Every structure is written in C-alpha cells, then in structure tokens.
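# Chain and residue survey
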Amino acid sequence: MLIAQISDTHVRADGTPLRGTIDTIAALDAALAALMALTPRPDVVLATGDLADDGRDADYHLLRERFGRLPMAVFVIPGNHDDRDAMRRVFAGSPMLPEADDGDGFLHYTVESEAVRLIGLDTVYPGEVWGGLCEERLTWLAGRLAAQPGARTLIFMHHPPFITGLHFLDLPFPGAGPLKAMIGASPQVELMVCGHFHRAIARRWAGTQAIVAPSTVYQMNLALAPGVGFRPTADPAGLALSLWPADDHPITYTVPVTAPGAVLP
Ligand SMILES: [Fe+2]
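Residues numbered from 1 in each chain as written. Predicted model: local features only at pLDDT ≥ 70, side-chain atom pairs only at ≥ 80, totals over all residues. Heavy atoms only, no water.

## Focus on the coordination of the iron ion
Just so we agree on the cut-off: Nitrogen, oxygen and sulfur within 2.8 Å of a metal are treated as its donors, or within 3.2 Å for sodium, potassium and calcium (Na, K, Ca); water is not counted, so a site can appear incomplete. Only four donors with every angle between 85 and 135 degrees are called tetrahedral; only four or six donors with opposite donors over 155 degrees apart and all others between 65 and 115 are called square planar or octahedral, in that order; all others are irregular. In DSSP terms, a helix is any run of H or I states spanning at least four residues, a strand is any run of E spanning at least two, and both are numbered starting from the N terminus. The buried label applies to any residue whose accessible area, calculated with a 1.4 Å probe on protein chains only, is under 20% of its type's maximum; exposed applies above 50%, and partly exposed to all values in between.
Protein ligation of the iron ion involves Asp8 (OD), His10 (NE2), Asp50 (OD) and His198 (NE2), the donor distances falling in the range 2.1 to 2.3 Å. Because the angles between the 4 donor atoms bound to the iron ion fall within 89 to 177°, the donor set is best described as irregular. In primary-sequence terms, the residues that donate to the iron ion follow D-x1-H-x39-D-x147-H. Note that His10 is positioned in the loop between strand S1 (2–6) and helix H1 (24–36) and His198 in the loop between strand S7 (189–194) and strand S8 (201–205), a separation of 188 residues in sequence. Residue classification places His10 among the buried residues on the basis of a relative accessible area of 2%. His198 sits in the buried class, given a relative accessible area of 1%.

Shown next, in the form of structure tokens:
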C-alpha cells in the first residue's frame, strides 16, 4: 500500500498571491500532478491541514473539486488556518471528511476501509497557531486505539506533538504527555504524519516513526539555531509518501515538486 500526504496547501480560491508572490492554486495543481505522475499511483491521499489560507467556503469548494478529480480516496483534516464550520459545510456528505462517530464537534475520524487503518486527528484550537489535544479528544483517540489493537495504524494530524528543532515554531502542545504515553502503549501505530512546519522532518517519537511533510507552497527556513526567526525559503515544495510492505514497517519518502506538472528526475 502506498499512501501520499499533501500538506499546508494554503489555498486562496480568489487567486490573491500568498506572501505576495505564490499562486496557491497553481501550487496545488502542481502537487496533484506530481502525485498523479507517480508509478505506482498512491492508493490514498491524506491532506493534513492548513488546506485553506483563510478558511473560506470558496477555498474548500476549490479543494473538494480538485480532490474529486483524483481516482483514489482523499481524506482531509483541519489545521490552524482552517475553519471547522466551513470545512463541515463544504465537505458534508463527502467521503473526504467522514463523520466522527460520536458527534462531538471535532473533525476526527477513523478510516477502516483501507489496508492500513487510518486515524485522522483534529489538533486545532481556534484562533491559535499552536495545536494540541484536549481531554475529550485524547479520550476519543484512546477508545479508537483500544478498538483495534492488532490493526496496523497510521495517525495523521496537522500539528506535530513533538519538538522539531525549528525553535520559532516549537510551541507547547497541550496533551503531548498523555498522547506520548498512549502511542507508546500502542505498538500498532506504525507511523504518525503531520504538517504545520512546511519542511520535511523525520524523527522517532513515543516508540513510533513520525514525519512532517513539506508544504505545497513555501518552505520554512531550517532555523536550528536558537533565536533565529521564521523566514520563507525558495526550497522546493513537496509531498510525502509512505510505502507499507505487507510484512514490514512503513518506509517514508519526500517527493519534491519543482514546477507545475514536473517532478525532479
Ligand atoms: Fe501552514
């Protein structure tokens, strides 16, 4: 099974450029073209938040239309730039945003129909750049993990619950402690995939493999020195992939997207 991840598309359906220069729609189309050019084609696509730059209905309509062109299943979760109500309005009735089974208002859900069990988390605290998991969301996740302890599982979420080393955005993640304990006690969680940092990052956390996908728009600077602030860079956009051999742990890749429709050789 091959799982693709696109993140931080920051779509602006009205065409206004992001940071004054970036055509977010062209960037989305380039990423989807790169995804479609892969052989074999991914079986499923996860879109891990900051889907829209300003969380407008029109942005989600554009995303739903573009994702709807893809032959494989696509699943969406929110990031800090997204608006839950707008996402719910636009993706309502679409398999891209399955209904949570408990109707608690969070955009989290499980996907049981794929060869790998997928759990999408909603780490958003409206109005905040940082994310986390409150007691209610942690309890929901604990129940979902306990329901299928033997199923190989991928968790996808916008905000990484761990330190990345990029100091300017390494903000506290409420609930990180209990989440770490929960994942550490759930060896079926083979991979966690996140966004938010607009840069490819990989690390071990809570006994599992964790990655951050690059953004389809701009990439953030590699600010490893304390005190270095945020700056967008011209590093290539990209998407992330995980290959799940039937009898081995998942393997992850980053695929650069350099120009509309093109993938680096
Ligand atoms: Fe973002």
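From this point, the narrative continues.
## Details of the pairing of strand S3 (residues 73–77)
Note the threshold: When DSSP finds two or more bridges between a pair of strands, those strands are recorded as paired. Crossover handedness is defined by viewing with both strands directed away from the observer: a clockwise path from the first strand over the helix to the second marks the crossover as right-handed.
With 4 of 5 residues buried, S3 lies mostly within the body of the structure. Examined bridge by bridge, strand S2 (residues 44–48) and S3 share 5 bridges and lie parallel to one another. Directly across from Ala47, in S3, lies its bridge partner Val76. The β-α-β motif built from S2, the intervening helix H2 (residues 57–68) and the parallel element S3 has right-handed crossover chirality.

## Here's the deal with the sheet that holds strand S5 (residues 117–120)
Note on sheets: strands pair through backbone hydrogen bonds, and any given pair is parallel or antiparallel. As a reminder, the rule being used: Geometry is summarised by axes, namely lines fitted to C-alpha atoms with helices restricted to the contacting stretch, and by angles between N-to-C directions that run from 0 to 180 degrees. Here, residues are in contact when the closest pair of their heavy atoms is within 4.5 Å.
Spatially, the 6 strands line up as an open sheet ordered S4-S5-S6-S7-S9-S8, and their pairing is mixed. Taken across any chain shown, the strands that pair with only one partner, and hence form the sheet edges, are strand S4 (109–111) and S8. Neighbour-to-neighbour, the strand axes of this sheet turn through a mean angle of 20°, independent of strand direction. In this structure, S7 lies alongside strand S9 (residues 208–212), joined through 4 bridges in parallel fashion. Note that in S9 the partner of Cys194 across the bridge is Val212. Those strands touched by helix H4 (residues 135–147) are S4, S5, strand S6 (153–156) and S7, and its axis lies near 175° from that of S5. Seen against the sheet, helix H5 (residues 176–184) touches S6, S7, S8 and S9 and runs at an angle of roughly 75° to S8.

## Quick word on the packing of aromatic side chains
Stated formally: Between rings of Phe, Tyr and Trp, where Trp is taken as its six-membered ring, a pair exists when centres lie within 6.5 Å; planes separated by under 30 degrees are stacked, by over 60 edge-to-face, and by other angles tilted. Here, a charge over a ring means that NZ of Lys or CZ of Arg falls within 6 Å of the ring centre while also lying within 35 degrees of the ring normal.
Per the stated rule, a full pass over the model turns up 7 aromatic pairs. The interplanar angle of 65° and the centroid separation of 6.2 Å between the aromatic rings of Tyr60 and Phe91 together place this pair among those described as edge-to-face. Of the two residues, Tyr60 is situated in helix H2 and Phe91 in helix H3 (residues 84–91); the sequence distance between them amounts to 31 residues. The same class applies to Tyr60 as to Phe91, namely buried. Centre to centre, the rings of Tyr125 and Trp130 are 5.0 Å apart; their planes meet at 45°, and the pair counts as tilted. The residue whose ring lies beneath Arg19 is Tyr218, and the NZ or CZ to ring-centre distance is 5.2 Å.

## Concerning the packing of H2 against H3
The condition that has to hold: Our angle categories are set so that under 35 degrees counts as roughly parallel, over 145 as roughly antiparallel, 65 to 115 as roughly perpendicular, and the remainder as oblique. In this scheme, a crossing is called left-handed if the near helix is turned counterclockwise away from the far one by less than a right angle; it is called right-handed if the turn is clockwise. Each residue is assigned to one class: nonpolar for Ala, Val, Leu, Ile, Met, Phe, Trp, Tyr, Cys and Pro, charged for Asp, Glu, Lys and Arg, and polar for all the others, Gly among them.
Across the interface, H2 lies against H3 with an axial gap of 9 Å and an inter-helix angle of 45°. Comparing the axis directions of H2 and H3 gives the class oblique. The handedness of the crossing between H2 and H3 comes out as right-handed. Contacts between H2 and H3 pair Asp57, Tyr60, His61, Leu63 and Arg64 from the former with Ala86, Met87, Arg89, Val90 and Phe91 from the latter. Residues belonging to the contact of H2 with H3 are distributed by class as follows: 6 nonpolar, 1 polar and 3 charged.

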